[in-house]
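Spelled out, the chains give:
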Amino acid sequence: DNDDDDDEDEEEEEEESSTPVPPPAPEPTTSSKISLTPTLLNSILDSAVKNKSIKGIKKLLSAYSSAAHMTDADDEQESGTMRRYHIGSEKVFDGCVNAVLTHLPKHFRLHLEAPHPLTEDPNKPIGKEALFTKSKHWNSLKPLYISFFKSTTHLLSSVKSKPLLVTILKSLSSFVPLLLPLPRYSKSLLRTLLTHWSSPSDTDDDNVIRLHSFLRIRQLALTMPFPFIEECLKGTYQSYAKVCKFTNETTLPTIVFMGNCLVELYSIDVDSSYQHAFVYIRQLALHLRAAITKKTKESFQQIYAWQYYNCLRVWSAIISNNPSPSELRDLIYPLVEIILGVIKLIPTVRNLPIRLHCVRLIQQLAGASETFIPTTNILLDALEIKEFGKKMKGSTAPPPRLPLMIKLPKEDPLPNPPAQDAFIGEIFTLLNREVELYRYTAAFPEWTVRVVQRVRKFNKDTGNGKWRAYGKGVIETCEKYGGEASRLRGEMGIAPKDVGRLEVLLPK
């Protein structure tokens with residue numbers, strides 16, 4: 001019996017071995033692709049545009065995908081994916097990309113039967129998600145939408161030509177509303193836009209790319225359903241925090257522009273912005289608390305750094321831009337406490353630049369919210385710094401640029417008269433700003449008494465005529481506004497309990 005079984009096994013092996021084995025599939029090669037010529041491209045374009053054929057749109061997007069990945073030959077071999085077309089000239093590449101970006105928005109909407117025409121605001125979605133999915137062409141169009149956005153996202157991350165990049169970013173304004181039912185690809189596009197928006201380059205072309213990248217981010221925040229705006233708020237702030245670590249003459253305009261972008265974005269939805277502002281302002285507070293408790297060199301360096309100050313500056317600007325009663329306004333108090341903590345942490349002459357920057361932030365918050373947050377004692381104490389009393393020889397050195405300074409050198413912080421003049425001038429500028437800020441306050445005459453006393457003492461002690469002129473200007477302004485407020489209060493004949501009636505002091 002065993003011999004019979006062995007014979008049967010041998011017969012089965014012979015039958016299996018006699019079965020023909022299919023040859024291995026040939027590896028895809030460039031020669032197996034269809035060469036996309038101008039004539040073929042025009043034929044595909046006519047089918048998609050003139051004949052309004054979905055099949056023609058599919059071929060056009062296949063060519064567009066090949067154009068977007070034309071430099072990825074190595075990736076194709078690794079993944080085993082081959083594009084349908086081979087693009088051998090720059091002219092065909094440009095023609096294919098321009099054809100898709102120019103014609104497809106209109107024809108996507110046409111086949112989708114979207115309720116809004118092209119002439120309407122591109123920041124508005126072209127219809128609710130239900131209208132997208134209920135369209136009779138939805139099943140045919142959805143893969144085409146996905147193909148377009150995947151190819152475009154890849155093209156944005158790989159293209160080197162800056163003019164082409166700007167063209168793509170501009171053209172995307174017509175496509176962004178079509179992302180409504182595709183949140184996954186919205187996030188992918190957002191990540192690519194954030195990369196361009198936070199690019200460290202600072203040339204004119206890069207700034208144009210940065211601008212149009214932000215416009216598309218803002219458009220995504222406006223058109224995508226909640227909570228997508230929170231992705232935009234989180235991504236932009238974290239990108240800003242990374243870029244603002246280093247501030248110099250070259251990077252300052254970029255940091256200021258990105259800060260302005262954040263102000264605009266965080267003003268779209270104040271309720272969503274509050275959640276993020278609360279978390280990030282709390283992080284700043286925790287860093288400050290660590291510096292106060294640990295008192296280590298590393299913890300102090302984390303506070304007296306450009307990144308920390310720039311984050312304080314952007315939150316001050318965001319809250320100042322939204323002063324109306326809201327949850328965001330409630331963050332004024334903790335933010336001011338943090339700024340005051342930075343000022344008082346190490347009140348030395350070396351940290352004078354950041355202390356003056358922080359005073360300006362507090363004045364910005366006070367003016368926007370119409371809240372009394374005095375900083376005069378900080379400024380008047382700065383006038384008494386002993387380094388201002390040192391007599392120095394004349395110098396032809398240029399004055400320091402205060403907006404580009406966060407701290408002074410450890411040795412000889414104020415080395416020459418131009419440096420002294422620059423800081424004294426800044427202190428008196430901020431004092432004058434404070435006086436103008438509270439000139440309509442009911443208690444202004446009493447508030448200025450101490451200011452006038454200490455500035456007069458400064459004028460008496462200093463031998464610098466220019467500085468005395470600064471002080472005299474502040475004294476005259478205080479006396480002028482104080483006398484006017486006293487006269488108006490006297491004419492009204494009211495008691496302090498009727499302070500509400502003092503609104504008459506406000507400018508008409």
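Residues numbered from 1 in each chain as written. Predicted model: local features only at pLDDT ≥ 70, side-chain atom pairs only at ≥ 80, totals over all residues. Heavy atoms only, no water.

**Things to note about the nonpolar core**
Of all hydrophobic cores here, the largest spans 147 residues; its most connected members are Phe108 and Trp315. The dominant element in this core, judged by the number of residues it contributes, is helix H5 (residues 90-112), at 10 residues. Excluding residues that lie within four positions of it along the chain, tryptophan 315 makes contacts with Tyr237, Tyr266, His276, Ala277, Tyr280, Ile281, Leu284 and Leu335. (Core = buried A, V, L, I, M, F, W, Y, C linked by side-chain atoms within 4.5 Å. Buried < 20%, exposed > 50% of the residue type's maximum accessible area, 1.4 Å probe, protein only. Helix = DSSP H or I, 4+ residues; strand = E, 2+ residues; numbered from the N terminus. Contact = heavy atoms within 4.5 Å.)

**Brief notes about unusual backbone geometry**
That bond from phenylalanine 226 to proline 227 is cis: its omega, 10 degrees, falls within 30 degrees of zero. One can find proline 227 in the loop between helix H10 (204-223) and helix H11 (228-243). The phi dihedral of lysine 52 falls on the positive side, at around 55 degrees, and the residue is not glycine. By the secondary structure assignment, lysine 52 is in the loop between helix H2 (38-50) and helix H3 (54-68). Overall, lysine 52 belongs to the partly exposed group, its relative accessible area being 48%. Even without a glycine there, the phi angle at lysine 295 is positive, about 55 degrees.

**Quick look at the confidence of the model for the protein chain**
With 84% of its residues at a pLDDT of 70 or more, the protein chain shows a mean pLDDT of 84. A low-confidence stretch, residues 8-31 stays under pLDDT 50, and its non-local contacts, those more than four residues away or across chains, total 4 contacts. Low pLDDT, under 50, characterises residues 115-120; the stretch is placed with 10 contacts to residues that sit more than four places away or in other chains. (pLDDT = per-residue confidence, 0-100.)

**Let's talk about the side chain of arginine 439**
Take arginine 439: it is sitting in the loop between helix H19 (417-437) and helix H20 (444-461). Only 3.4 Å separates the side chain of arginine 439 from the side chain of tyrosine 481, close enough to count as a polar contact. Setting aside its immediate chain neighbours within four residues, arginine 439 contacts Phe444, Tyr481 and Glu484. (Polar contact = N/O pair within 3.5 Å; in protein donor to acceptor, adjacent residues only side chain to side chain.)

**Concerning the packing of aromatic side chains**
The tally for this structure, following the rule as stated, stands at 17 aromatic pairs. Here phenylalanine 388 and tryptophan 467 contribute two aromatic rings whose centre-to-centre distance is 6.2 Å and whose plane-to-plane angle is 80 degrees, an arrangement assigned as edge-to-face. Residue phenylalanine 388 is located in the loop between helix H18 (376-383) and H19, and its partner tryptophan 467 is located in helix H21 (residues 465-492); the two are separated by 79 residues in the primary sequence. Residue phenylalanine 388 shares its accessibility class with tryptophan 467, and that shared class is buried. Plain terms: the ring middles of tyrosine 438 and tryptophan 447 are 5.6 Å apart, the flat faces sit at 75 degrees to each other, and that makes the pair edge-to-face. (Phe/Tyr/Trp six-rings, centres within 6.5 Å; stacked < 30°, edge-to-face > 60°.)

**Considering the pattern of salt bridges**
Enumeration according to the criterion identifies 10 salt bridges in this entry. Note that glutamate 426 and arginine 360 form a salt bridge whose closest N and O atoms lie 2.8 Å from each other. Separated by 66 residues along the polypeptide, glutamate 426 in helix H19 and arginine 360 in helix H17 (residues 352-369) bring together distant segments of the chain. Overlapping salt bridges bring together Asp381, Glu384 and Arg454 as one network. (Salt bridge = Lys/Arg side-chain N within 4 Å of Asp/Glu carboxyl O.)

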